[in-house]
Amino acid sequence: MKKRGIESIEQWMIIIAGFVIGGLVFVGGYKLISLQVKNNEINNIKDNFHRLKNVMQESCYSGKNSLNSDSFTFSSLVNNLSIKNSSNQKYESGDQLCINIQGTGEICEKLKNCYYIMETIDQTQNESILYLVNKILKRTKNINVNLFVKKSNVTKVCTTWKKKLNKQSEFYLSDSLVKRGGGCIDSCQCSSGYICTKTSHCCPKGKEYINGVCALTCTEDHWKYSDGDCKPDNKLTRSWSKISQCENGVSHPNQEKIDCTYASACQKPSIGEAKNYLEIKQGNIPILLAIGHAGWKKAGNKRNEGYAADPLLYELVDILRTQLSQKTNGLKPYIVYNQANRNYMNPNRPIGHNEAYNSNNQLAENIYFGFHDYVDYMVCKLEEKFGQDMGILINPHTTDLSWDRGHDRYHKPWDRICEIGIYANINNLDSKKNTMQSLYQRKGGGAVRGENSIPYYLYHAQNWPNEAAVWPDVNNKNSKTETINGNDVWHVIPAKINGNWETALFNGAQTIIWHSTQTYNRNQRWQYGIDAFQIEMNYRKDSGFGKSGGNLDDTFANMFIDDFTDAILFSLEKNYDWTME
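Remember, predicted model here, so these are calculated numbers, not experimental data. Residue positions are given per chain, counted from 1 along the sequence in the order it is written. Per-residue local features of the predicted model are confined to residues with pLDDT of at least 70, and side-chain atom pairs are confined, for both listing and counting, to 80 or more; whole-chain, interface and lining totals are unaffected and use all residues. No hydrogens and no water enter the side-chain calculation; it runs on all heavy atoms of the structure.

Every case where a carboxyl oxygen of Asp or Glu lies within 4 Å of a side-chain nitrogen of Lys or Arg is listed as a salt bridge. Scanning the entire structure with this criterion turns up 11 salt bridges. Where K327 meets D562, a salt bridge forms, and the shortest distance between an N and an O atom there is 2.9 Å. Here K327 is found in helix α3 (residues 313-327), whereas its partner D562 is found in helix α9 (residues 554-576), with 235 residues between them in sequence. With a shortest N-O distance of 3.0 Å, K327 and D566 are connected by a salt bridge. Every helix listed is a DSSP run of H or I at least four residues long, and every strand listed is a run of E at least two residues long, numbered separately from the N terminus.

Turning to the packing of α3 against α9, a few remarks are in order. Each axis is a line fitted through C-alpha atoms, taken for helices only over the stretch in contact, and angles between the N-to-C directions span 0 to 180 degrees. Put simply, α3 and α9 touch, their axes get as near as 9 Å, and they point 50 degrees apart. On the basis of the axis angle, α3 is oblique to α9. In this structure, the crossing between α3 and α9 has a hand that is right-handed. Between α3 and α9, the residues in contact are L316, I319, L320, Q323, L324 and K327 and A557, N558, I561, D562, F564, T565, D566, I568 and L569, respectively. Considered class by class, the residues forming the contact of α3 with α9 number nine nonpolar, three polar and three charged. For this classification, under 35 degrees means roughly parallel, over 145 means roughly antiparallel, 65 to 115 means roughly perpendicular, and everything else is oblique. Two helices that cross are described as forming a left-handed crossing if the nearer one is turned anticlockwise from the farther one by less than a right angle, and a right-handed crossing if clockwise. In what follows, a contact means two residues having at least one pair of non-hydrogen atoms within 4.5 Å. In this count, Pro and Cys sit with the nonpolar residues alongside Ala, Val, Leu, Ile, Met, Phe, Trp and Tyr, while Asp, Glu, Lys and Arg are called charged and the others, Gly among them, polar.

The next subject is the side chain of N346. Mapped onto the fold, N346 is located in the loop between β20 (334-338) and α4 (362-386). Exposure is judged per residue with a 1.4 Å probe applied to protein chains only, and the accessible area is read against the type maximum: over 50% gives exposed, under 20% gives buried, and values in between give partly exposed. Given the relative accessible area of 1%, N346 is considered buried. Once residues lying within four places of it in the same chain are set aside, the contact partners of N346 are H293, N304, E355, A356 and Y368.

Moving on, we come to the confidence of the model for the protein. Detailed reading of the predicted model is not advised wherever pLDDT is low. Values of pLDDT, the confidence the predictor places in each residue, fall between 0 and 100. Averaged over every residue, the pLDDT of the protein is 77; residues scoring 70 or more account for 71%. Low pLDDT (under 50) marks residues 401-415, which in the prediction has 30 contacts with non-local residues, meaning those over four places away or in another chain.

Joining two cysteines, a disulfide is a covalent bond between their sulfur atoms. For the purposes of this analysis, a disulfide is any pair of cysteine sulfur atoms at a distance within 2.5 Å. Scanning the model with the defined rule gives seven disulfides in all. C60 shares a disulfide with C114; S-S distance 2.1 Å. Disulfide C60-C114: torsion about the S-S bond near 85 degrees, hence right-handed. Of the two residues, C60 sits in helix α1 (residues 3-61) while C114 sits in the loop between β5 (105-110) and β6 (115-118), which places them 54 residues apart along the sequence. Exposure remark for C60: the relative accessible area of 5% places this residue in the buried category. Judged by relative accessible area, which is 10%, C114 ranks as buried. Here C98 connects covalently by a disulfide to C108, the sulfurs 2.0 Å from one another. Of note, the bridge from C98 to C108 carries an S-S torsion of about 115 degrees and is right-handed in sense. Taken as a pair, C98 in strand β4 (residues 96-101) and C108 in strand β5 lie far apart in primary sequence, 10 residues in all. Under the relative-accessibility criterion, C98 is labelled buried at 1%.

In structure tokens, the structure reads:
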């Protein structure tokens, strides 16, 4: 081999060796420098860590709402900085301040006396030669943060952090101060002007996080209510409404029942001995039976100039009361029942009438006024429970044509008739004399004499011959005159007499005049009134009246009362908005 060739090989070997040695020197130098930089960095990290711990501990010893702040620099060697609970090892709240450093692991130190809260600062970043070169050249990308330490109450310290803006930084840390709607553990985590709500979100004070937004939370100040009248069951209805927009918080139903102490406006009459002649029953259905002609008791020693009691009224009323109860699952009508014989006191005649009571019979007079006082009282009680004018007063009678009036026509058969009177011209129902004036004004003529009326219901239920039998267009005829002439008919009056619609042909109607919704000639002594009508009925086995009297025709009487009761309940539902509970 030539000498020049040998020299060339040796030169290349020297060059290669130089690269190898240089590389080893570079790598070795890099490692030494890297180690030195890292040690310095770790020491700096630990200094910041202990400084932060001291700031947090000092805040614990400070007064409530104290606020400390400081700036800290953490390199990318810090994986995270957090608060840890030593009991359950969970992060972000507890009694330890912890830092996790690459290559060193987690270091935790005890925080004393207070309970500490802080969102974890996590800045994991892989180390690279380029990163180290940047540090050597003083182009470091350390993360600078401001930490705010606040004692929110006696035992709680909250640390929040905020990045220091650096346009050259390649790292971006989110603002730890939680803004509107963000999740939180404590209010000290929230940005200025916000608090941590019950649902753990930062919202302005007085608002709550609802359906993705901070909305005003309802308090009692956002509501108003109005109370209805206290009812006899010691309950009133309270109606609630909002006076401004809000969500959640304090709420109220649209309506609720509230306990109250009922003070009745109805004054119970004081009538002394007369009370022994009256049967008084409170009811729970809007029907008042005012029964004046079914009495049997002697009342004093002076008779009036009237007739005997209605022959069959006692039995018919008993059937009516029974069927009302059966058809309503045990509900009862209000009742004022006169037990004094009609020969001594007739409450269906006006004051001073010779059939009302003998002016020399004080007991009969007291019973008369006691009867009407109690009807007035019961109307008041019924209206308190069901509402003004929301009920029916029924004044039942049996027809009173007797055998001894001296005219053969009164001996004619008339065993099954019915008359209903409202004391008003049938073609002038808006008359102020109409004893069902309230119903007419509220529902119209159909409720008084049309398809929704009690007479019309009876007409269909009893299968009367034709509609003319209900509202006859005949001259000088009503049920009584038809019967007198030998025609056994179903009939309801008012009827058309001599071409004119007339009121029911009864001599007395004081009960419905003084206690109904008509105001034309109501006695000022009695102030309450509901819709009222008078009904006359007669169901006897024999066809005429003899001194021995006749017995009730049970079959026909029960059939009629059954339909009559259905008609009453039908009217209550259609015309008075009452339904059976």
